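Chain residues, written in single-letter form:
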Amino acid sequence: MNRAFETTLQNAAMEVEYARDALTDLKSESETRKLWKAWAALLTHYVKATGAMRHATNGGSSKRWSDNLIFVQKSDPFLSYGFHARNSEGHALDAKREVAPKSASIPGAIKVEGTVKNLKFLGNSLIGPDGRKTPIPDFTGNIVDGKVFGDSGERSWFVETDHFVRLNIIHDNRSGKSFPLPNVGSPKERQAIEIADYIVIWLEEKLADALDMAESEKERKKRS
């Protein structure tokens, strides 16, 4: 470990805590416009925490662990996506930041994002794979921030979806490489949260490992 490993690991622990806070915000934020702020904060603290752990352990008996930390960060699909997403967020200032608003939909028939007052949805049917028509009850009411307000029977046809960060393949213009989403099979509204969850759990595990090594290092110095 380096000479200032104790202070550096304290900083790493703070960054892990901040990443955990950003994950909480990503899951609970009520304002759609703040979702990207939480996602960007998560990525920033992830990269800073990893960098601090790497710096603290890049020497002596812990160097192999430090090298493996970076290897895993680059090779694991979730961790790699988060790392390159942070680079993209930090350097590509003209990149589009997509956040999907809260919405209500009848799959295959209608989707309303945000707020629509006095919506009338009349005389419609769903057509199944066999060509059979299923009449949809007429709806007259309001959809406010993705929430449906109308007759309870009519509301049961709607699926309400929370807002979410919309993620895409990351293109690195400098290297010409692309980094796909690691969990393409997941619903798009869950992708950012799943990646963020994965990153925070990994950070916590690696911080615990680094702190254990730091304790061993202090004990070794006491004996020498």
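Just above, that's the structure.
Rules of the game
- Residues numbered from 1 in each chain as written.
- Predicted model: local features only at pLDDT ≥ 70, side-chain atom pairs only at ≥ 80, totals over all residues.
- Heavy atoms only, no water.
- Helix = DSSP H or I, 4+ residues; strand = E, 2+ residues; numbered from the N terminus.
- Rg over C-alpha atoms; globule rule 2.2 N^0.38 Å.
- Buried < 20%, exposed > 50% of the residue type's maximum accessible area, 1.4 Å probe, protein only.
- Contact = heavy atoms within 4.5 Å.
- Areas by Shrake-Rupley, 256 points an atom, 1.4 Å probe, with all protein chains shown as cover.
- Lys, Arg positive; Asp, Glu negative; His and termini not counted.
- Charge placed at Lys NZ, Arg CZ, Asp CG, Glu CD.
- Axes fitted to C-alpha atoms, helices over the stretch in contact; angles between N-to-C directions.
- Parallel < 35°, antiparallel > 145°, perpendicular 65-115°, else oblique.
- Left-handed = near helix turned anticlockwise from the far one by under 90°.
- Nonpolar A, V, L, I, M, F, W, Y, C, P; charged D, E, K, R; others polar.
- Pairing = 2+ DSSP bridges.
- Salt bridge = Lys/Arg side-chain N within 4 Å of Asp/Glu carboxyl O.
- Core = buried A, V, L, I, M, F, W, Y, C linked by side-chain atoms within 4.5 Å.

Would you explain the overall build of the protein in this entry?
Within the protein one finds 6 helices and 12 strands. By the compact-globule yardstick of 17 Å for 224 residues, the protein is too spread out, its C-alpha radius of gyration being 24 Å. In terms of principal-axis extent, the alpha carbons of the protein reach across some 85 × 35 × 35 Å. Burial analysis of the protein (224 residues in total) assigns 39% to the buried set. For the protein, long-range pairs separated by at least 24 residues make up 63% of all intrachain contacts whose partners lie at least 6 apart in sequence. Accessible area for the protein stands at about 13000 Å²; split by element, carbon and sulfur atoms hold 50% of it. When the 33 basic and 31 acidic side-chain charges of the protein are each reduced to a single mean position, those positions are 4 Å apart.

Just to check I follow, could you spell out the environment of Met 53 for this structure?
When you line up the elements, Met 53 lands in helix H2 (residues 35-57). Separated by 75 residues in sequence, Met 53 and Gly 128 place their C-alpha atoms 55 Å apart. For Met 53, the residues in contact, after removing those within four places along its chain, are Leu 9, Ala 12, Trp 65, Leu 69, Leu 203, Lys 206 and Leu 207.

Got a minute to help me understand the packing of helix H1 (residues 5-28) against H2 in this structure?
Two quantities define a packed helix pair, namely the angle between the helix axes and the distance between the axes. Contact geometry of H1 with H2 gives a least axis separation of 8 Å together with a crossing angle of 160 degrees. Between H1 and H2, the interaxial angle falls into the category roughly antiparallel. Judged by the twist between their axes, the crossing of H1 over H2 is left-handed. Taken together, the residues of H2 that come into contact with H1 (itself represented by Phe 5, Thr 8, Leu 9, Ala 12, Glu 15, Val 16, Tyr 18, Ala 19, Ala 22, Leu 23, Asp 25 and Leu 26) are Leu 35, Ala 38, Trp 39, Ala 41, Leu 42, His 45, Lys 48, Ala 49, Ala 52, Met 53, His 55 and Ala 56. The residue inventory of the contact of H1 with H2, partitioned by class, reads 18 nonpolar, 3 polar and 3 charged.

Looking at this structure, how should I read the sheet that holds strand E4 (residues 116-121)?
The strands making up a sheet are joined through hydrogen bonds of the backbone, oriented either antiparallel or parallel. What the 3 strands build is an open sheet, ordered E4-E7-E8; its pairing is antiparallel. Strands at the two margins of the open sheet, each flanked by one partner only, are E4 and strand E8 (147-149). Within the sheet, the average angular offset between the axes of one strand and its neighbour, ignoring direction, is 35 degrees.

Where do I start with the side chain of Glu 15 in this structure?
Counting through the fold element by element, Glu 15 comes out in helix H1. The charged side chain of Glu 15 is buried without a salt bridge, its nearest counter-charge being Lys 48 at 4.8 Å. Not counting the four nearest positions on each side in its chain, Glu 15 is found in contact with His 45, Lys 48 and Ala 49.

Sorry, what's going on with unusual backbone geometry here?
For residues besides glycine, phi is generally negative; the peptide bonds are generally trans as well. Phi angles above zero are rare outside glycine, and Asn 118 is one such case at about 55 degrees. Within the secondary structure, Asn 118 sits in strand E4.

Just checking my understanding: could you explain the nonpolar core for this structure?
Looking at soluble globular proteins, one finds that nonpolar side chains tend to be buried together. Judged by nonpolar contacts, the single largest core of 43 residues is most densely connected at Trp 39 and Leu 203. When residues of this core are traced back to their parent elements, those giving at least two are H1, H2, helix H3 (63-75), helix H4 (77-91) and helix H6 (191-223). It is H2 that contributes the most residues to this core, 12 residues altogether. What Trp 39 contacts, discounting residues up to four positions off in sequence, is Leu 26, Tyr 81, Ala 85, Val 165, Leu 167, Ala 192, Ile 195 and Ala 196. Of all hydrophobic cores here, the second largest spans 11 residues; its members include Ile 110, Phe 121, Ile 143 and Phe 158.

Geometry only, nothing functional implied.
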